[in-house]
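Spelled out from the first residue to the last, the chains are:
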Amino acid sequence: MQNVGAYGQEAAETIESVLTLDLRDDQIRELCGEACGFSYRTSIFNTGESGRYIILRVTYGLTPGGQPRIEYADLKRHFSGWQQIPTLADTREAVRRIRASKAMLITPGDADARSVGSFFKNPVLSSEQHEDLSRRAAARGLQIPSYPALDAQHKISAAWLVEHSGFSKGYDSGHVAISSKHALAIVNRGGATAADVVALKEHIQHRVQEIWSICLQPEPVFVGF
């Protein structure tokens, strides 16, 4: 299962190569970073060549003592007010703290950590779709949190759509639930089957489509479905 998170764009720029098993002929192949086609949350591994490769190893190109890139919104908030420039070690620790606060690290004893991370992608809408969504939100007395993305399009928070479709953090559905820390994480509370997870996923998608006329796309790769 592959799930490139919000830090993936910065990380992808430092990937030198990816060692893969090519399922077409069962051969081991090493692909250079450029051949992988990395972009925001996308690569050949989840688009044109989806299902072809199993990733075995990733080689990163790192600069010892280099300057961190503080571009992700949560990192900017974390370091706001700092008098000194954060080091790479400071940035690594900050990323770990941010991810842990969202139950996005495997932490013993944290029931919310049993997930595959963000389950739905943030939708990118055209101007017309964004206007329609804004009208629907205004009719409910709500304002859409969004920001420009991909030329004239708009990226919308999938978490906001989920929470405003009747699925608050901690929503429980038997053996599966939504994380109490992150509205996009579907959590196995113990004894859940893959079918249970898919059922909740489809329930959320149906409600978001019904209320907001937006089809949420899953982030994880499904194997065997």
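From a predicted model like this one, the values you see are computed outputs, not experimental measurements.

Focus on the overall build of the protein chain
Point 1. Broken down by element type, the protein chain carries 6 helices and 9 strands.
Point 2. Compactness check: the protein chain gives a C-alpha radius of gyration of 19 Å against a globular reference of 17 Å for 225 residues, within 12% of the reference.
Point 3. With the principal axes as the frame, the protein chain shows a C-alpha extent of 50 × 50 × 45 Å.
Point 4. Counting every position in the protein chain, which comprises 225 residues, the buried fraction comes to 36%.
Point 5. If you take every contact in the protein chain between residues at least 6 apart in sequence, the share linking residues at least 24 apart comes to 58%.
Point 6. For the protein chain, the exposed area adds up to about 12900 Å²; of that, 52% sits on carbon and sulfur atoms.
Point 7. Positive and negative side-chain charges of the protein chain, numbering 24 and 25 respectively, have mean locations separated by a distance of 5 Å.

Digging into the sheet that holds strand β9 (residues 186-188)
In a beta sheet, neighbouring strands pair by backbone hydrogen bonds and run either parallel or antiparallel.
Point 1. Ordered by their spatial adjacency, 3 strands build an open sheet running β7-β8-β9, and the pairing between neighbours is antiparallel. Strands at the two margins of the open sheet, each flanked by one partner only, are β7 (172-173) and β9.
Point 2. Relative to strand β8 (residues 176-178), β7 runs antiparallel, the two being bridged by 2 bridges. Bridging from a neighbouring strand, Ser-173 pairs with Val-176 of β8.
Point 3. Contacts between helix α6 (residues 194-212) and the sheet are confined to β7, β8 and β9, with β8 contributing the most and set at about 40° to the helix.

Looking at the nonpolar core
One recurring pattern in soluble globular proteins is that nonpolar side chains are buried together.
Point 1. In terms of nonpolar packing, the biggest core is built from 26 residues, with Phe-120, Leu-133, Leu-161, Val-162, Ile-204, Trp-212 and Leu-216 touching the most fellow members.
Point 2. Sorting the residues of this core by element identifies α4 (127-139), α5 (158-163), β8 and α6 as the ones contributing at least two each.
Point 3. When neighbours within four sequence positions are excluded, Ile-204 is seen to be in contact with Phe-120, Val-162, Phe-167, Ile-178, Ile-186 and Leu-216.

Describing the pattern of salt bridges
Point 1. For the coordinates displayed, the defined rule picks out 15 salt bridges.
Point 2. In this structure, the salt-bridge partner of Asp-22 is Arg-29, at a minimum N-O distance of 3.1 Å.
Point 3. Of the residues examined, Asp-22 reaches a relative accessible area of 1% and is grouped as buried.

Topic: the pairing of strand β2 (residues 27-32)
Within a regular strand, side chains alternate between the sheet's two faces.
Point 1. Where strand β1 (residues 15-22) and β2 come together, 6 bridges link them in antiparallel fashion. The residue of β2 that forms the bridge with Ser-17 is Cys-32.

Concerning a nonpolar patch on the surface
Point 1. On the surface, Leu-23, Ile-28, Ile-54 and Leu-56 cluster together into a nonpolar patch covering about 350 Å² of accessible area.
Point 2. Assignment of secondary structure puts Leu-23 in the loop between β1 and β2.

Cut-off values and rules
- Residues numbered from 1 in each chain as written.
- Predicted model: local features only at pLDDT ≥ 70, side-chain atom pairs only at ≥ 80, totals over all residues.
- Heavy atoms only, no water.
- Helix = DSSP H or I, 4+ residues; strand = E, 2+ residues; numbered from the N terminus.
- Rg over C-alpha atoms; globule rule 2.2 N^0.38 Å.
- Buried < 20%, exposed > 50% of the residue type's maximum accessible area, 1.4 Å probe, protein only.
- Contact = heavy atoms within 4.5 Å.
- Areas by Shrake-Rupley, 256 points an atom, 1.4 Å probe, with all protein chains shown as cover.
- Lys, Arg positive; Asp, Glu negative; His and termini not counted.
- Charge placed at Lys NZ, Arg CZ, Asp CG, Glu CD.
- Pairing = 2+ DSSP bridges.
- Axes fitted to C-alpha atoms, helices over the stretch in contact; angles between N-to-C directions.
- Core = buried A, V, L, I, M, F, W, Y, C linked by side-chain atoms within 4.5 Å.
- Salt bridge = Lys/Arg side-chain N within 4 Å of Asp/Glu carboxyl O.
- Patch = residues over 30% accessible without salt bridge, like charges linked within 9 Å, V, L, I, M, F, W, Y side chains within 5 Å.

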